[in-house]
Amino acid sequence: MTEPTLAGRNVLILGASSGIGRSVALSAAASGASIVVVGRRGHLLDEVIAAAEDGTVIVADLSDPAECARVSAEAVAALGGRIDAVLHATGWSPLMPIARTEPDTWQTVMLTNVIAPSLITKAVLPALTEDGIVAFVSSRAVGRPYHGVGAYAASKAALDQTLLSWRLENPDRRFLRIEVGDTDNTDFARDFDLTLVAELFPQWVAHAALAQRRMTAEDVGVFIAKAIAQGLAHPGIGLHNLVLHPVGGPHTGDGQQVAAELGAELREQRAVAE
């Protein structure tokens with residue numbers, strides 16, 4: 001049996017400038033899809049489209065509701081008024097103990113991680129094909145919070161509940177929750193304060209919150225793109241939850257060493273970005 005592809009499909013990817021969103025965009029394009037990629041960093045989106053050899057870039061800050069409306073309209077127009085799949089991979093993950101989390105941080109994380117996906121879904125739903133798929137990237141932190149990511153975990157829990165309402169109120173549509181565990185080559189830790197990393201990561205290890213092994217964003221993106229292709233090829237099958245976790249148990253090493261290693265990785269990433 002021939003494996004389904006995304007040939008002839010129109011796919012909108014939010015949060016496509018890096019990590020999982022970038023990988024899904026490249027995989028979808030390689031599979032034959034027409035893609036629209038959205039993110040804040042235009043130069044990285046341009047690199048995605050250059051690698052994909054075709055597609056449309058929309059630069060936007062999705063924490064602004066007005067930008068969500070603009071993005072939706074431009075994406076629908078760029079894809080000729082027809083969308084087969086939407087992937088919400090946008091997310092902001094501040095590292096901050098819950099007692100120190102300020103109102104502006106709460107506001108930005110909820111706008112970016114919860115409100116933007118819902119506003120865009122509302123706006124593009126009329127253009128979604130009858131058997132189309134709207135997928136939301138969630139997190140294994142939901143229901144299992146760990147030190148310093150309280151606001152992020154709360155936002156992903158809220159996103160999950162919002163998705164349930166989309167399903168309830170639109171029973172003929174397919175809304176897919178994708179839970180992703182520890183993954184390398186993402187921007188999850190991009191904005192982490194290195195002092196807080198040293199303070200909090202040993203507690204992640206102590207509470208078995210870190211996986212012993214990690215997936216790669218490239219592998220996860222390829223898997224998600226193929227899952228969407230399979231779903232579109234089988235419109236009679238409902239899609240609810242796709243759970244992607246690395247093989248193996250929790251990290252049991254030295255928490256201070258883990259924090260030091262992560263700090264070194266982040267310093268290297270930031271040096272390259274500069």
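Keep in mind that what you see is a predicted model, and the values were worked out from it rather than measured. (Residues numbered from 1 in each chain as written. Predicted model: local features only at pLDDT ≥ 70, side-chain atom pairs only at ≥ 80, totals over all residues. Heavy atoms only, no water.)

A. Representation of the overall build of the protein chain. Per the secondary structure count, the protein chain includes eight helices and nine strands. The C-alpha radius of gyration computed for the protein chain amounts to 18 Å, which stays within 12% of the reference 19 Å derived for 274 residues, consistent with globular compactness. Sorting the 274 residues of the protein chain into buried and exposed places 49% on the buried side. Looking at the protein chain alone, contacts between residues at least 24 apart form 75% of all its contacts between residues at least 6 apart. On the protein chain, roughly 12700 Å² of surface is accessible, and the fraction owed to carbon and sulfur atoms is 53%. The protein chain carries 21 positive and 31 negative side-chain charges, and their two centres are separated by 4 Å. (Helix = DSSP H or I, 4+ residues; strand = E, 2+ residues; numbered from the N terminus. Rg over C-alpha atoms; globule rule 2.2 N^0.38 Å. Buried < 20%, exposed > 50% of the residue type's maximum accessible area, 1.4 Å probe, protein only. Contact = heavy atoms within 4.5 Å. Areas by Shrake-Rupley, 256 points an atom, 1.4 Å probe, with all protein chains shown as cover. Lys, Arg positive; Asp, Glu negative; His and termini not counted. Charge placed at Lys NZ, Arg CZ, Asp CG, Glu CD.)

B. A look at the sheet that holds strand β9 (residues 241-244). If you trace the seven strands from one edge of the open sheet to the other, you get β3-β2-β1-β4-β5-β6-β9, paired in parallel fashion. The sheet is open, and its two edges are formed by β3 (56-59) and β9, each paired on a single side. In this sheet, neighbouring strand axes are inclined to one another by 15 degrees on average, regardless of whether the strands run parallel or antiparallel. Looking at chain direction, strand β1 (residues 10-14) and strand β2 (residues 34-39) are connected through five bridges and run parallel. Paired with Val 11 across the two strands is Ile 35, which belongs to β2. (Pairing = 2+ DSSP bridges. Axes fitted to C-alpha atoms, helices over the stretch in contact; angles between N-to-C directions.)

C. Spatial organisation of the packing of aromatic side chains. A full pass over the atoms with the stated rule returns six aromatic pairs. Ring geometry for Tyr 152 against Phe 188: centres 5.2 Å apart, planes inclined by 75 degrees, an arrangement best described as edge-to-face. Here Tyr 152 is found in helix α5 (residues 150-169), whereas its partner Phe 188 is found in the loop between β7 (183-184) and α6 (194-206), with 36 residues between them in sequence. For Tyr 152, a relative accessible area of 9% translates into the label buried. Measuring from centroid to centroid gives 5.9 Å for Trp 166 and Phe 175, while their planes differ by 35 degrees, and the two rings are tilted. These aromatic residues form a ring-pair network of at least three members: Tyr 146, Tyr 152, Phe 188, Phe 192, Phe 201 and Trp 204. (Phe/Tyr/Trp six-rings, centres within 6.5 Å; stacked < 30°, edge-to-face > 60°.)

D. Representation of the packing of helix α1 (residues 19-30) against helix α2 (residues 42-52) within the structure. It is the contact of α1 with α2, at a shortest axis distance of 9 Å, that shows an interaxial angle of 25 degrees. Classified by the angle their axes make, α1 and α2 are roughly parallel. Between α1 and α2 the crossing geometry is right-handed. On α2, the residues touching Arg 22, Ala 25, Leu 26 and Ala 29 of α1 are Val 48, Ala 51 and Ala 52. Taken together, the residues of the contact of α1 with α2 sort by class into six nonpolar, no polar and one charged. (Parallel < 35°, antiparallel > 145°, perpendicular 65-115°, else oblique. Left-handed = near helix turned anticlockwise from the far one by under 90°. Nonpolar A, V, L, I, M, F, W, Y, C, P; charged D, E, K, R; others polar.)

E. Spatial organisation of unusual backbone geometry. The phi angle at Asn 185 is positive, at roughly 65 degrees, despite the residue not being glycine. Its relative accessible area of 47% is what places Asn 185 among the partly exposed residues. You will see that Ala 208, though not glycine, has its phi angle at about 55 degrees, which is positive. Relative accessible area serves as the criterion here: at 28%, Ala 208 is assigned to the partly exposed category.

F. How the structure looks around the environment of Val 114. Within the fold, Val 114 resides in helix α4 (residues 103-124). We classify Val 114 as buried; its relative accessible area is 9%. With 42 residues separating them in the primary sequence, Val 114 and Lys 156 have C-alpha atoms 7.2 Å apart. For Val 114, the contacting residues outside a window of four places in its chain are Val 109, Ser 155, Ala 158, Leu 159 and Thr 162.

G. Expanded view of the pairing of strand β4 (residues 83-88). Within β4, six of the six residues are buried, which leaves it mostly tucked inside the rest of the structure. The pairing of β1 with β4 spans four bridges and is parallel. In the strand pairing of β4, Leu 12 is matched with Val 86. Sheet topology note: the β4/strand β5 (residues 128-139) ladder contains five bridges and is parallel. Bridged to Leu 87 within β5 is Ala 135. For the crossover that starts at β4, traverses α4 and ends in the parallel β5, the hand is right-handed. (Right-handed = clockwise from strand over helix to strand, strands pointing away.)

So far we have only geometry, and geometry alone does not tell us how the molecule works.
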